[in-house]
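Take a look at the letters that make up each chain.
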Amino acid sequence: MSLSVTILGCSGTYAGPGGACSGYLLRSATTNVWLDCGPGSFSNLQRHIDLADLHGIVCSHSHPDHWLELPVAVNAFRYGIGRPDARIPLLWTAETADAFHVVNRGSSSPTFASTVVDETARRTIGDIEFSFSQTDHPVETLAVRADHDGSSIAYSADTGDGWSLASLGEGIDLALVEATLDEPSAIPHLTAEQAGSKAREAGVASLVLTHLAPGSDPDARRAEAATVFDGPIHVAEIDQTHET
């Protein structure tokens, strides 16, 4: 295995029936990283790995549909599987850290070894390297690039049209790009066509549309992205895995 991503949750803003909010499992042969921790994604994570085999967590921003499972994860490690002092590496924004400490009423330590990052940061968890780019969103939001052994996966997190996927660099094999909106809007999110345009401009090899609003037509969104992006296009589904 080079680098893969498994969809744990992909609903935009809130989850529809049977769905889950943003969450992804990045995997190499030796490293497992939970990328974004939206409601519902933690239970889905456990279908794919044992919690004892989780090596790190990355949270893109402080909106609750992207991080609110973290206090639940603390409960699992502290009381469920007996690893209260696991010190799992956790990369997050300053605002996400503040929100967590309010909800959890205290420090993330010793369950997590947390580090505040911004778009200048470069960090490694296991054998996966992470870099970031600040997106066009009302709170500090970090798009994420993961690199391992010559393969790369990019994740837009949430963004409006004022951000460029190309800011994460060249050579992206697979891009997970949000496509929340059915039509262009002043709301700081993307349509599927805008997601496809950003993938084309960045020269990515393959595109996965994610963060669709509940009730959105996936076939229509795929068709819209295909008008501007010529590569393979998938619409994210829970438990779906993409390999590079």
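In case you missed it, the structure is sitting above this.
Residues numbered from 1 in each chain as written. Predicted model: local features only at pLDDT ≥ 70, side-chain atom pairs only at ≥ 80, totals over all residues. Heavy atoms only, no water.

S.K.: Lay out unusual backbone geometry with the relevant residues and their values.
M.R.: Look at the link from Ser109 to Pro110: it is a cis peptide, with omega at 5 degrees. Structurally, Pro110 is set in the loop between helix 3 (94–104) and strand 6 (112–116). Although it is not a glycine, Asp36 sits at a positive phi angle of roughly 65 degrees. By relative accessible area, Asp36 is classed as buried at 0%. Phi at Arg87 takes a positive value of approximately 55 degrees, unusual for a residue other than glycine. Relative to the elements of secondary structure, Arg87 occurs in the loop between helix 2 (70–80) and strand 5 (88–92). (Helix = DSSP H or I, 4+ residues; strand = E, 2+ residues; numbered from the N terminus. Buried < 20%, exposed > 50% of the residue type's maximum accessible area, 1.4 Å probe, protein only.)

S.K.: Can you explain the pattern of salt bridges? Please cite residues and give values.
M.R.: Counted according to the given criterion, the structure contains seven salt bridges. Of the charged contacts, one joins Arg47 and Asp239 as a salt bridge, the two residues approaching to 2.8 Å between their closest N and O atoms. Note that Arg47 is positioned in the loop between helix 1 (41–45) and strand 4 (56–58) and Asp239 in the loop between strand 13 (233–235) and strand 14 (241–243), a separation of 192 residues in sequence. According to the relative accessible area criterion, Asp239 is partly exposed, its value standing at 33%. Of the charged contacts, one joins Arg221 and Asp182 as a salt bridge, the two residues approaching to 2.9 Å between their closest N and O atoms. Taken as a pair, Arg221 in helix 5 (residues 218–226) and Asp182 in the loop between strand 11 (174–178) and helix 4 (192–202) lie far apart in primary sequence, 39 residues in all. By relative accessible area, Asp182 is classed as partly exposed at 43%. Each of Asp182, Arg221 and Glu224 takes part in a single network of salt bridges with overlapping partners. (Salt bridge = Lys/Arg side-chain N within 4 Å of Asp/Glu carboxyl O.)

S.K.: Could you give an account of the sheet that holds strand 2 (residues 23–27), naming the residues involved and the relevant values?
M.R.: As a general point, the strands of a sheet are linked pairwise by backbone hydrogen bonds and lie either parallel or antiparallel. Read from one edge to the other, the open sheet built from seven strands follows the order 6-5-4-3-2-1-14, with strand pairing classed as mixed. The sheet terminates laterally at strand 6 and strand 14, the two strands that pair on one side only. In this sheet, neighbouring strand axes are inclined to one another by 20 degrees on average, regardless of whether the strands run parallel or antiparallel. Note that strand 1 (residues 4–9) and strand 2 share five bridges and pair antiparallel. Residue pairing in the sheet places Gly9 in a bridge with Gly23 of strand 2. Running at roughly 115 degrees to strand 5, helix 3 makes contact with strand 5 and strand 6 of the sheet. (Pairing = 2+ DSSP bridges. Axes fitted to C-alpha atoms, helices over the stretch in contact; angles between N-to-C directions. Contact = heavy atoms within 4.5 Å.)

S.K.: Break down the side chain of His66 for me, with residues and values.
M.R.: Looking at where His66 falls in the secondary structure, it is placed in the loop between strand 4 and helix 2. For His66, the contacting residues outside a window of four places in its chain are Ser22, Asp36, Cys37, Gly38, Cys59, Ser60, His61, Tyr155, Asp158 and His211.

S.K.: For the environment of Val103, give the residues involved together with the corresponding values.
M.R.: One can find Val103 in helix 3. Separated by 32 residues in the primary sequence, Val103 and Pro71 have C-alpha atoms spaced 7.5 Å apart. Other than its neighbours up to four places away in sequence, Val103 contacts Trp67 and Pro71.

S.K.: Describe helix 4, with residues and values.
M.R.: Across the eleven residues that make up helix 4, a large majority, eight, are buried. Taken together, the buried positions of helix 4 are occupied by Ala192, Gln194, Ala195, Gly196, Ser197, Lys198, Ala199 and Ala202. Just beyond helix 4, the residue with positive phi is Gly203, at close to 70 degrees.

S.K.: With reference to specific residues and values, describe the packing of helix 2 against helix 3.
M.R.: It is at 10 Å that the axes of helix 2 and helix 3 come closest, and there the two elements cross at 55 degrees. Overall, the two elements helix 2 and helix 3 adopt an arrangement that is oblique. As helix 2 packs across helix 3, the resulting crossing turns out to be right-handed. Seen from helix 2, the contacting residues are Leu70, Pro71 and Val74; seen from helix 3, they are Phe100, Val103 and Asn104. (Parallel < 35°, antiparallel > 145°, perpendicular 65-115°, else oblique. Left-handed = near helix turned anticlockwise from the far one by under 90°.)

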